[in-house]
Amino acid sequence: MKVTILGSCTVIDYPNDAYLFVKNDHLVDIRNGFQMEMDVLPLYFLALNANDQLQMDRLNHALINNLQNSEIGLWQCGVWGYEEVHFRFTSIAIRLWLFYPHLVEKQKLISCLIKHISYQEPISEGVWFFHDSIEYNKEPFYAPWNGSSCLKASENNMLILNTHIDTLVTLLIAKETNVEFDELDKQIQQGLLGLYSFYQETKVVAPFLSRLDAFFRNISLLCLGRGSRISLLLSKVLNRLYFSKFRLFLKRRINIRAFSDGYLERDIRLPSNNFEYHVVNIWDLSKLLFWMNINDVIFEDVYDKSVESILNGLKYCFNSRCYTYYLKSISQKKGNSNEVLESIAILYYLGIQESWLETLYLQYRRFAPPSCGILGLDLSVSGIKTENSRIHVNIDGFDLIEFPNGRIFWANNTDYDNSVDNKGVNNRIICPANSIGLHEESSN
(Lines give C-alpha, C1' and ligand atoms only; values in the text may rest on other atoms or scores of the structure.)
Protein backbone atom coordinates (compact mmCIF):
# COMPACT_ATOMS: atom_id res chain seq x y z
CA MET A 1 0.00 0.00 0.00
CA LYS A 2 1.33 3.42 -0.93
CA VAL A 3 1.06 5.81 2.01
CA THR A 4 2.44 9.22 2.99
CA ILE A 5 4.44 9.45 6.20
CA LEU A 6 3.95 13.00 7.47
CA GLY A 7 6.97 13.87 9.53
CA SER A 8 9.95 13.53 7.29
CA CYS A 9 7.31 13.70 4.52
CA THR A 10 8.00 10.60 2.47
CA VAL A 11 5.85 8.39 0.29
CA ILE A 12 6.52 4.72 0.98
CA ASP A 13 5.22 1.28 0.12
CA TYR A 14 3.92 -0.12 3.40
CA PRO A 15 4.87 -2.54 4.90
CA ASN A 16 7.74 -3.24 2.49
CA ASP A 17 9.57 0.02 3.26
CA ALA A 18 8.92 0.11 7.01
CA TYR A 19 12.37 -1.33 7.79
CA LEU A 20 14.03 1.82 6.35
CA PHE A 21 13.11 3.86 9.44
CA VAL A 22 14.97 1.65 11.94
CA LYS A 23 18.71 1.08 11.66
CA ASN A 24 20.77 -0.77 14.26
CA ASP A 25 17.77 -0.65 16.62
CA HIS A 26 17.52 3.14 16.37
CA LEU A 27 14.95 5.32 14.64
CA VAL A 28 16.54 7.24 11.79
CA ASP A 29 15.70 9.94 9.30
CA ILE A 30 15.70 8.13 5.97
CA ARG A 31 16.68 11.40 4.27
CA ASN A 32 20.08 11.67 5.97
CA GLY A 33 20.64 8.71 8.31
CA PHE A 34 20.66 10.75 11.54
CA GLN A 35 18.64 9.63 14.53
CA MET A 36 15.11 11.05 14.34
CA GLU A 37 11.78 10.28 15.98
CA MET A 38 9.38 12.33 13.84
CA ASP A 39 8.10 9.33 11.83
CA VAL A 40 7.49 6.95 14.73
CA LEU A 41 3.86 7.90 15.35
CA PRO A 42 2.46 7.36 11.82
CA LEU A 43 4.51 4.17 11.54
CA TYR A 44 3.04 2.95 14.83
CA PHE A 45 -0.51 3.75 13.67
CA LEU A 46 0.08 1.72 10.51
CA ALA A 47 1.51 -1.21 12.47
CA LEU A 48 -1.40 -1.09 14.90
CA ASN A 49 -3.89 -1.06 12.03
CA ALA A 50 -2.12 -4.09 10.52
CA ASN A 51 -2.08 -5.81 13.94
CA ASP A 52 1.71 -6.10 13.59
CA GLN A 53 2.82 -6.42 17.21
CA LEU A 54 6.40 -7.19 16.24
CA GLN A 55 6.69 -3.89 14.36
CA MET A 56 5.05 -1.94 17.19
CA ASP A 57 7.52 -3.40 19.69
CA ARG A 58 10.40 -2.69 17.32
CA LEU A 59 9.41 0.96 16.93
CA ASN A 60 9.03 1.59 20.65
CA HIS A 61 12.29 -0.22 21.42
CA ALA A 62 14.09 1.95 18.85
CA LEU A 63 12.50 5.08 20.32
CA ILE A 64 13.76 4.19 23.79
CA ASN A 65 17.21 3.43 22.35
CA ASN A 66 17.33 6.88 20.76
CA LEU A 67 16.77 8.41 24.18
CA GLN A 68 19.00 6.08 26.17
CA ASN A 69 22.38 7.72 25.58
CA SER A 70 21.16 11.30 25.96
CA GLU A 71 22.74 13.22 28.82
CA ILE A 72 19.97 15.82 28.86
CA GLY A 73 16.99 13.48 29.19
CA LEU A 74 15.53 14.31 25.77
CA TRP A 75 16.04 12.98 22.25
CA GLN A 76 19.05 14.55 20.55
CA CYS A 77 19.50 14.59 16.80
CA GLY A 78 22.60 16.59 15.91
CA VAL A 79 21.87 16.92 12.22
CA TRP A 80 23.09 20.56 12.36
CA GLY A 81 26.27 19.57 14.21
CA TYR A 82 25.44 20.73 17.75
CA GLU A 83 24.03 17.54 19.30
CA GLU A 84 20.87 19.58 19.29
CA VAL A 85 17.27 18.73 20.06
CA HIS A 86 14.60 19.42 17.41
CA PHE A 87 11.28 19.91 19.12
CA ARG A 88 9.04 18.67 16.33
CA PHE A 89 10.90 15.37 16.66
CA THR A 90 10.49 15.19 20.45
CA SER A 91 6.83 16.25 20.25
CA ILE A 92 5.99 13.24 18.08
CA ALA A 93 7.89 10.85 20.37
CA ILE A 94 6.04 12.19 23.40
CA ARG A 95 2.67 11.94 21.61
CA LEU A 96 3.22 8.24 20.95
CA TRP A 97 3.56 7.66 24.70
CA LEU A 98 0.63 9.98 25.47
CA PHE A 99 -1.66 7.99 23.19
CA TYR A 100 -0.29 4.63 24.30
CA PRO A 101 0.91 5.06 27.91
CA HIS A 102 1.54 1.33 28.37
CA LEU A 103 4.67 1.73 26.25
CA VAL A 104 6.66 3.62 28.89
CA GLU A 105 6.91 4.33 32.61
CA LYS A 106 4.69 7.30 33.44
CA GLN A 107 7.47 9.19 35.18
CA LYS A 108 9.74 8.94 32.14
CA LEU A 109 6.94 10.32 29.96
CA ILE A 110 6.29 13.25 32.31
CA SER A 111 10.02 13.92 32.64
CA CYS A 112 10.42 14.12 28.84
CA LEU A 113 7.38 16.38 28.50
CA ILE A 114 8.58 18.77 31.21
CA LYS A 115 12.06 18.83 29.68
CA HIS A 116 10.57 19.52 26.23
CA ILE A 117 8.62 22.59 27.35
CA SER A 118 11.52 23.93 29.42
CA TYR A 119 13.00 25.18 26.13
CA GLN A 120 11.01 28.40 26.11
CA GLU A 121 11.35 32.06 26.88
CA PRO A 122 9.00 34.73 28.22
CA ILE A 123 7.89 37.26 25.61
CA SER A 124 5.65 40.35 25.61
CA GLU A 125 2.82 38.31 27.04
CA GLY A 126 3.02 34.59 27.66
CA VAL A 127 5.86 32.34 26.52
CA TRP A 128 7.35 31.17 23.23
CA PHE A 129 8.40 27.56 22.70
CA PHE A 130 11.67 27.25 20.81
CA HIS A 131 12.19 25.48 17.51
CA ASP A 132 15.37 23.72 18.62
CA SER A 133 17.95 23.75 21.39
CA ILE A 134 20.33 25.76 19.17
CA GLU A 135 18.13 28.82 19.72
CA TYR A 136 17.89 28.17 23.44
CA ASN A 137 21.64 27.61 23.89
CA LYS A 138 22.50 30.62 21.69
CA GLU A 139 24.74 28.53 19.47
CA PRO A 140 26.06 30.07 16.23
CA PHE A 141 23.87 28.29 13.69
CA TYR A 142 21.45 31.19 13.24
CA ALA A 143 22.68 34.73 12.74
CA PRO A 144 21.66 36.83 15.78
CA TRP A 145 18.72 39.07 14.93
CA ASN A 146 19.53 42.73 14.26
CA GLY A 147 16.18 43.93 12.95
CA SER A 148 13.06 45.35 14.55
CA SER A 149 11.95 44.11 17.94
CA CYS A 150 9.13 41.58 18.05
CA LEU A 151 7.45 40.14 21.14
CA LYS A 152 10.49 41.28 23.18
CA ALA A 153 12.06 38.01 22.02
CA SER A 154 15.80 37.47 22.43
CA GLU A 155 18.07 37.91 19.41
CA ASN A 156 18.65 34.16 19.17
CA ASN A 157 14.90 33.38 18.93
CA MET A 158 13.92 33.11 15.27
CA LEU A 159 10.20 33.05 16.19
CA ILE A 160 9.45 29.97 14.09
CA LEU A 161 5.69 29.63 14.26
CA ASN A 162 5.02 25.96 13.50
CA THR A 163 7.10 24.57 16.36
CA HIS A 164 5.50 26.85 18.95
CA ILE A 165 2.08 25.64 17.83
CA ASP A 166 3.22 22.01 17.65
CA THR A 167 4.32 22.08 21.29
CA LEU A 168 0.98 23.60 22.26
CA VAL A 169 -0.79 20.72 20.51
CA THR A 170 1.31 18.23 22.48
CA LEU A 171 0.38 19.95 25.76
CA LEU A 172 -3.31 19.82 24.84
CA ILE A 173 -3.01 16.11 24.02
CA ALA A 174 -1.39 15.61 27.43
CA LYS A 175 -4.36 17.37 29.02
CA GLU A 176 -6.86 15.19 27.15
CA THR A 177 -4.99 11.98 28.03
CA ASN A 178 -4.89 12.93 31.74
CA VAL A 179 -1.12 13.10 31.98
CA GLU A 180 -0.92 15.69 34.72
CA PHE A 181 2.00 17.62 36.13
CA ASP A 182 2.34 20.91 37.95
CA GLU A 183 1.51 23.93 35.78
CA LEU A 184 0.22 21.99 32.76
CA ASP A 185 -2.81 24.27 32.45
CA LYS A 186 -0.63 27.30 33.09
CA GLN A 187 1.79 26.28 30.33
CA ILE A 188 -1.11 25.89 27.89
CA GLN A 189 -2.49 29.31 28.76
CA GLN A 190 0.95 30.93 28.60
CA GLY A 191 1.63 29.33 25.22
CA LEU A 192 -1.72 30.51 23.87
CA LEU A 193 -1.02 33.96 25.27
CA GLY A 194 2.27 33.87 23.39
CA LEU A 195 0.38 33.09 20.18
CA TYR A 196 -2.02 35.94 20.94
CA SER A 197 1.00 38.27 21.31
CA PHE A 198 2.27 36.98 17.96
CA TYR A 199 -0.98 37.94 16.27
CA GLN A 200 -0.97 41.35 17.97
CA GLU A 201 2.61 42.31 17.05
CA THR A 202 2.99 40.91 13.53
CA LYS A 203 1.54 42.20 10.29
CA VAL A 204 -0.01 41.12 7.03
CA VAL A 205 2.03 42.83 4.30
CA ALA A 206 0.19 45.48 2.26
CA PRO A 207 -0.99 44.59 -1.28
CA PHE A 208 1.76 46.44 -3.18
CA LEU A 209 4.64 44.69 -1.44
CA SER A 210 2.65 41.44 -1.45
CA ARG A 211 2.31 41.60 -5.21
CA LEU A 212 6.05 42.21 -5.53
CA ASP A 213 6.78 39.24 -3.30
CA ALA A 214 4.27 37.08 -5.17
CA PHE A 215 6.03 37.90 -8.46
CA PHE A 216 9.40 36.55 -7.28
CA ARG A 217 7.77 33.78 -5.26
CA ASN A 218 5.87 32.54 -8.31
CA ILE A 219 9.01 32.40 -10.46
CA SER A 220 10.78 30.42 -7.76
CA LEU A 221 7.79 28.11 -7.29
CA LEU A 222 7.68 27.33 -11.00
CA CYS A 223 11.43 26.71 -11.07
CA LEU A 224 11.35 24.40 -8.06
CA GLY A 225 8.31 22.61 -9.47
CA ARG A 226 10.05 21.87 -12.75
CA GLY A 227 13.25 20.72 -11.10
CA SER A 228 15.50 21.04 -14.17
CA ARG A 229 19.09 22.21 -13.68
CA ILE A 230 18.42 25.60 -15.24
CA SER A 231 15.26 26.05 -13.18
CA LEU A 232 17.01 25.11 -9.93
CA LEU A 233 19.89 27.45 -10.76
CA LEU A 234 17.47 30.32 -11.36
CA SER A 235 15.76 29.53 -8.07
CA LYS A 236 19.13 29.70 -6.27
CA VAL A 237 19.85 33.07 -7.86
CA LEU A 238 16.45 34.36 -6.74
CA ASN A 239 17.05 33.03 -3.25
CA ARG A 240 20.40 34.79 -3.03
CA LEU A 241 19.35 38.11 -4.55
CA TYR A 242 15.74 38.45 -3.43
CA PHE A 243 14.85 36.18 -0.51
CA SER A 244 18.16 36.47 1.33
CA LYS A 245 18.63 40.18 0.67
CA PHE A 246 15.61 42.35 -0.17
CA ARG A 247 13.07 40.11 1.58
CA LEU A 248 15.25 39.86 4.67
CA PHE A 249 15.70 43.66 4.52
CA LEU A 250 11.90 43.89 4.56
CA LYS A 251 11.59 41.42 7.44
CA ARG A 252 14.05 43.46 9.48
CA ARG A 253 11.63 46.38 9.31
CA ILE A 254 8.24 44.65 9.30
CA ASN A 255 7.35 41.71 11.52
CA ILE A 256 5.71 39.70 8.73
CA ARG A 257 3.09 37.10 9.62
CA ALA A 258 1.59 36.76 6.16
CA PHE A 259 1.09 38.47 2.81
CA SER A 260 -2.20 39.90 1.59
CA ASP A 261 -2.65 37.02 -0.90
CA GLY A 262 -2.82 34.61 2.08
CA TYR A 263 0.72 33.24 1.94
CA LEU A 264 1.94 32.48 5.49
CA GLU A 265 5.49 33.04 6.68
CA ARG A 266 7.26 30.21 8.46
CA ASP A 267 9.08 32.56 10.83
CA ILE A 268 9.74 36.20 11.63
CA ARG A 269 13.51 36.34 11.35
CA LEU A 270 14.99 33.90 8.83
CA PRO A 271 15.92 34.63 5.18
CA SER A 272 14.14 31.55 3.93
CA ASN A 273 12.14 30.51 0.90
CA ASN A 274 10.80 27.32 2.52
CA PHE A 275 7.55 27.37 0.59
CA GLU A 276 6.24 24.03 1.86
CA TYR A 277 6.00 25.49 5.37
CA HIS A 278 3.02 27.53 4.21
CA VAL A 279 0.89 24.39 4.43
CA VAL A 280 2.70 23.23 7.59
CA ASN A 281 1.49 26.40 9.32
CA ILE A 282 -2.07 25.74 8.14
CA TRP A 283 -1.83 22.13 9.29
CA ASP A 284 -0.48 22.98 12.75
CA LEU A 285 -2.99 25.78 13.33
CA SER A 286 -5.82 23.42 12.37
CA LYS A 287 -4.66 20.78 14.85
CA LEU A 288 -4.33 23.45 17.53
CA LEU A 289 -7.97 24.48 17.05
CA PHE A 290 -9.02 20.83 17.04
CA TRP A 291 -7.35 20.06 20.38
CA MET A 292 -8.56 23.33 21.90
CA ASN A 293 -12.06 22.21 20.93
CA ILE A 294 -11.56 18.70 22.32
CA ASN A 295 -10.38 20.14 25.65
CA ASP A 296 -12.95 22.97 25.79
CA VAL A 297 -10.07 25.47 26.00
CA ILE A 298 -11.45 28.90 25.16
CA PHE A 299 -9.29 31.76 23.90
CA GLU A 300 -11.50 33.54 21.38
CA ASP A 301 -8.94 36.00 20.02
CA VAL A 302 -6.48 33.20 19.26
CA TYR A 303 -9.23 30.99 17.84
CA ASP A 304 -10.63 33.69 15.53
CA LYS A 305 -7.24 34.85 14.29
CA SER A 306 -6.16 31.26 13.67
CA VAL A 307 -9.31 30.50 11.66
CA GLU A 308 -8.65 33.64 9.62
CA SER A 309 -5.04 32.59 8.95
CA ILE A 310 -6.07 29.04 8.01
CA LEU A 311 -8.81 30.12 5.60
CA ASN A 312 -6.67 32.82 3.99
CA GLY A 313 -3.83 30.31 3.67
CA LEU A 314 -6.09 27.73 2.05
CA LYS A 315 -7.52 30.38 -0.29
CA TYR A 316 -3.96 31.06 -1.38
CA CYS A 317 -3.63 27.36 -2.25
CA PHE A 318 -6.97 27.52 -4.05
CA ASN A 319 -6.14 30.68 -6.02
CA SER A 320 -2.44 30.28 -6.77
CA ARG A 321 -1.75 28.11 -9.77
CA CYS A 322 1.99 28.45 -9.18
CA TYR A 323 1.78 27.22 -5.62
CA THR A 324 -0.53 24.37 -6.61
CA TYR A 325 1.90 23.40 -9.37
CA TYR A 326 4.78 23.44 -6.90
CA LEU A 327 2.97 21.49 -4.19
CA LYS A 328 1.77 18.89 -6.69
CA SER A 329 5.31 18.37 -7.95
CA ILE A 330 6.86 17.82 -4.51
CA SER A 331 3.89 15.82 -3.18
CA GLN A 332 4.54 12.96 -5.58
CA LYS A 333 7.53 11.97 -3.42
CA LYS A 334 6.82 13.82 -0.17
CA GLY A 335 3.03 13.81 0.18
CA ASN A 336 2.80 17.36 1.59
CA SER A 337 -0.62 17.88 0.01
CA ASN A 338 -2.04 15.68 2.79
CA GLU A 339 -1.43 18.54 5.23
CA VAL A 340 -4.03 20.54 3.33
CA LEU A 341 -6.45 17.60 3.29
CA GLU A 342 -6.16 16.98 7.04
CA SER A 343 -6.68 20.70 7.68
CA ILE A 344 -9.88 20.75 5.62
CA ALA A 345 -11.19 17.66 7.43
CA ILE A 346 -10.61 19.40 10.77
CA LEU A 347 -12.36 22.55 9.54
CA TYR A 348 -15.40 20.45 8.62
CA TYR A 349 -15.34 18.92 12.09
CA LEU A 350 -15.29 22.46 13.54
CA GLY A 351 -18.32 23.41 11.45
CA ILE A 352 -16.49 25.45 8.81
CA GLN A 353 -17.75 24.17 5.45
CA GLU A 354 -17.47 26.09 2.19
CA SER A 355 -17.85 24.91 -1.39
CA TRP A 356 -14.37 26.01 -2.44
CA LEU A 357 -12.88 23.84 0.33
CA GLU A 358 -14.56 20.83 -1.28
CA THR A 359 -13.04 21.75 -4.65
CA LEU A 360 -9.61 22.21 -3.08
CA TYR A 361 -9.77 18.88 -1.23
CA LEU A 362 -10.78 16.89 -4.29
CA GLN A 363 -8.04 18.53 -6.37
CA TYR A 364 -5.25 18.05 -3.83
CA ARG A 365 -6.37 14.50 -2.98
CA ARG A 366 -5.05 13.38 -6.37
CA PHE A 367 -1.51 14.64 -5.73
CA ALA A 368 -0.19 11.90 -3.42
CA PRO A 369 -1.08 8.72 -1.54
CA PRO A 370 -3.04 9.36 1.67
CA SER A 371 -1.48 10.05 5.06
CA CYS A 372 -2.42 8.17 8.22
CA GLY A 373 -4.71 11.09 9.08
CA ILE A 374 -6.61 10.79 5.81
CA LEU A 375 -6.81 7.02 6.31
CA GLY A 376 -8.56 7.72 9.62
CA LEU A 377 -5.71 6.22 11.68
CA ASP A 378 -3.96 9.28 13.13
CA LEU A 379 -5.27 10.19 16.59
CA SER A 380 -3.54 13.59 16.32
CA VAL A 381 -6.10 14.46 13.65
CA SER A 382 -9.17 12.51 14.78
CA GLY A 383 -8.86 12.45 18.59
CA ILE A 384 -8.95 9.50 20.96
CA LYS A 385 -11.17 6.73 19.65
CA THR A 386 -13.87 5.00 21.69
CA GLU A 387 -14.18 1.22 21.98
CA ASN A 388 -17.14 1.26 19.59
CA SER A 389 -15.34 3.16 16.84
CA ARG A 390 -16.06 2.09 13.29
CA ILE A 391 -13.44 0.01 11.53
CA HIS A 392 -12.79 1.62 8.17
CA VAL A 393 -11.92 -0.65 5.27
CA ASN A 394 -9.79 1.46 2.95
CA ILE A 395 -11.18 2.03 -0.53
CA ASP A 396 -8.83 3.79 -2.91
CA GLY A 397 -9.97 7.40 -3.20
CA PHE A 398 -12.57 7.13 -0.42
CA ASP A 399 -11.59 8.69 2.91
CA LEU A 400 -13.25 8.37 6.28
CA ILE A 401 -12.25 10.05 9.55
CA GLU A 402 -14.33 9.32 12.63
CA PHE A 403 -14.17 11.85 15.44
CA PRO A 404 -14.91 10.97 19.07
CA ASN A 405 -18.11 13.03 19.26
CA GLY A 406 -19.86 10.99 16.56
CA ARG A 407 -19.03 13.25 13.65
CA ILE A 408 -17.70 11.49 10.57
CA PHE A 409 -15.80 13.30 7.86
CA TRP A 410 -15.93 11.56 4.51
CA ALA A 411 -14.46 12.35 1.11
CA ASN A 412 -15.40 10.38 -1.97
CA ASN A 413 -12.83 11.15 -4.61
CA THR A 414 -14.14 8.46 -6.98
CA ASP A 415 -16.55 8.61 -9.90
CA TYR A 416 -19.14 6.42 -8.18
CA ASP A 417 -21.23 6.69 -5.04
CA ASN A 418 -20.03 5.00 -1.85
CA SER A 419 -21.82 4.31 1.41
CA VAL A 420 -20.82 3.57 4.99
CA ASP A 421 -22.48 1.14 7.38
CA ASN A 422 -23.90 3.29 10.18
CA LYS A 423 -23.07 1.00 13.14
CA GLY A 424 -25.96 -1.35 12.75
CA VAL A 425 -28.60 1.34 12.29
CA ASN A 426 -31.05 0.59 9.50
CA ASN A 427 -29.61 3.20 7.22
CA ARG A 428 -26.29 3.99 5.63
CA ILE A 429 -24.28 7.14 5.14
CA ILE A 430 -24.50 7.89 1.43
CA CYS A 431 -21.38 9.55 0.03
CA PRO A 432 -21.96 10.82 -3.52
CA ALA A 433 -19.18 10.66 -6.10
CA ASN A 434 -16.66 13.51 -6.16
CA SER A 435 -17.78 15.20 -2.97
CA ILE A 436 -16.91 15.59 0.69
CA GLY A 437 -19.11 16.02 3.72
CA LEU A 438 -19.64 15.65 7.46
CA HIS A 439 -22.11 13.23 9.01
CA GLU A 440 -23.35 13.68 12.58
CA GLU A 441 -24.84 10.81 14.54
CA SER A 442 -27.32 13.17 16.16
CA SER A 443 -28.89 13.82 12.75
CA ASN A 444 -30.42 10.36 12.82
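Residues numbered from 1 in each chain as written. Predicted model: local features only at pLDDT ≥ 70, side-chain atom pairs only at ≥ 80, totals over all residues. Heavy atoms only, no water.

What follows deals with the sheet that holds strand S9 (residues 398-402). The 3 strands lie next to each other as S9-S10-S13, forming an open sheet whose pairing is antiparallel. Each end of this open sheet is capped by a strand with a single partner; those strands are S9 and strand S13 (435-440). Strand-to-strand twist of the sheet, defined as the mean angle between neighbouring strand axes without regard to direction, takes the value 15°. Where S9 meets strand S10 (residues 407-412), 5 bridges bridge the pair, whose relative direction is antiparallel. Residue pairing in the sheet places Asp 399 in a bridge with Ala 411 of S10. (Pairing = 2+ DSSP bridges. Helix = DSSP H or I, 4+ residues; strand = E, 2+ residues; numbered from the N terminus. Axes fitted to C-alpha atoms, helices over the stretch in contact; angles between N-to-C directions.)

Glancing now at the packing of aromatic side chains. Counted by the stated rule, this structure contains 34 aromatic pairs. A centroid spacing of 5.0 Å and a plane angle of 40° characterise the contact between Tyr 44 and Tyr 100, whose relative ring orientation is tilted. Pair noted here: Tyr 44 is in helix H1 (residues 40-49) and Tyr 100 is in the loop between helix H3 (87-99) and helix H4 (106-117), with a separation of 56 residues, a long-range link. Tyr 100 shares its class with Tyr 44; the two are buried. On the numbers, 5.8 Å between centres and 35° between planes, the contact of Trp 128 with Phe 198 is tilted. With a gap of 70 residues between them, Trp 128 in strand S6 (residues 127-129) and Phe 198 in helix H7 (residues 184-201) connect regions that are remote in the sequence. Owing to a relative accessible area of 2%, Phe 198 belongs among the buried residues under this scheme. Ring pairing ties together the aromatic residues Phe 215, Phe 216, Tyr 242, Phe 243, Phe 246, Phe 249, Phe 259, Tyr 263, Phe 275, Tyr 316, Tyr 323 and Tyr 326, which thus form one cluster. Over the face of the ring belonging to Tyr 263 we find Arg 217, whose NZ or CZ atom lies 4.2 Å from the ring centre. A cation sits over an aromatic face here: Lys 287 above Trp 283, 3.4 Å from the ring centre. (Phe/Tyr/Trp six-rings, centres within 6.5 Å; stacked < 30°, edge-to-face > 60°. Buried < 20%, exposed > 50% of the residue type's maximum accessible area, 1.4 Å probe, protein only. Lys NZ or Arg CZ within 6 Å of the ring centre and 35° of its normal.)

In this model, helix H12 (residues 321-334) (14 residues) spans 19 Å end to end at C-alpha, consistent with the 20 Å of a helix rising 1.5 Å per residue. Within H12, burial applies to Cys 322, Tyr 323, Thr 324, Tyr 326, Leu 327, Ile 330 and Ser 331. In this structure, the buried residues of H12 make contact with strand S2 (10-13), helix H8 (207-226), helix H10 (277-294), helix H11 (300-319), helix H13 (337-349) and helix H14 (355-364). Positive backbone phi, approximately 75°, marks Gly 335, located one or two places after H12. (Expected span 1.5 Å × (residues − 1). Contact = heavy atoms within 4.5 Å.)

The subject of this paragraph is the packing of H11 against H13. H13 packs onto H11 with a crossing angle of 135° between their chain directions and a minimal axis gap of 12 Å. The angle between the axes of H11 and H13 places the two elements in the oblique class. When the axes of H11 and H13 are compared, the crossing they make is left-handed. Between H11, through Ile 310, Leu 311, Leu 314 and Cys 317, and H13, the contact on the second element is made entirely by Val 340, Ile 344 and Leu 347. (Parallel < 35°, antiparallel > 145°, perpendicular 65-115°, else oblique. Left-handed = near helix turned anticlockwise from the far one by under 90°.)

This brings us to the pairing of strand S12 (residues 428-431). The alternating pattern of S12 places Ile 429 and Cys 431 on a buried face, while none of Arg 428 and Ile 430, on the opposite face, is buried. Sheet analysis places strand S11 (residues 418-421) next to S12, joined by 4 bridges and oriented antiparallel. Opposite Ser 419, over in S12, you have Ile 430 as the bridge partner.

Time to look at the nonpolar core. Membership of the largest hydrophobic core comes to 134 residues, with the highest contact counts inside it found for Trp 97, Leu 314, Tyr 323 and Phe 409. In this structure Leu 314 touches Ile 282, Val 340, Ile 344, Leu 347, Trp 356, Leu 357 and Leu 360, once residues within four positions along its chain are discounted. Residues Phe 398, Ile 408, Trp 410 and Ile 429 belong to the second largest nonpolar core, which totals 7 residues. (Core = buried A, V, L, I, M, F, W, Y, C linked by side-chain atoms within 4.5 Å.)

Following Tyr 14, the chain continues into Pro 15 via a peptide bond in cis, with omega recorded as 10°. Here Pro 15 lies in the loop between S2 and strand S3 (22-23). Although it is not a glycine, Asn 51 sits at a positive phi angle of roughly 55°. A positive phi is found at Lys 152, a non-glycine position, where the angle reads about 60°. Of the residues examined, Lys 152 reaches a relative accessible area of 67% and is grouped as exposed.

It is worth spelling out the pattern of salt bridges at this point. Per the counting criterion, the structure on display carries 17 salt bridges. Residue Asp 185 is joined to Lys 175 by a salt bridge in which the shortest nitrogen-to-oxygen separation is 2.8 Å. With Asp 185 in helix H7 and Lys 175 in helix H6 (residues 161-176), the pair connects residues that are 10 residues apart, well separated along the chain. Given a relative accessible area of 44%, Asp 185 falls into the partly exposed group. Residues Glu 308 and Lys 305 are paired through a salt bridge, measuring 4.0 Å at the closest nitrogen-oxygen approach. With Glu 308 and Lys 305 both in helix H11, this residue pair falls 3 residues apart, about one helical turn. On the basis of relative accessible area, Lys 305 is assigned to the partly exposed category, the value being 30%. (Salt bridge = Lys/Arg side-chain N within 4 Å of Asp/Glu carboxyl O.)

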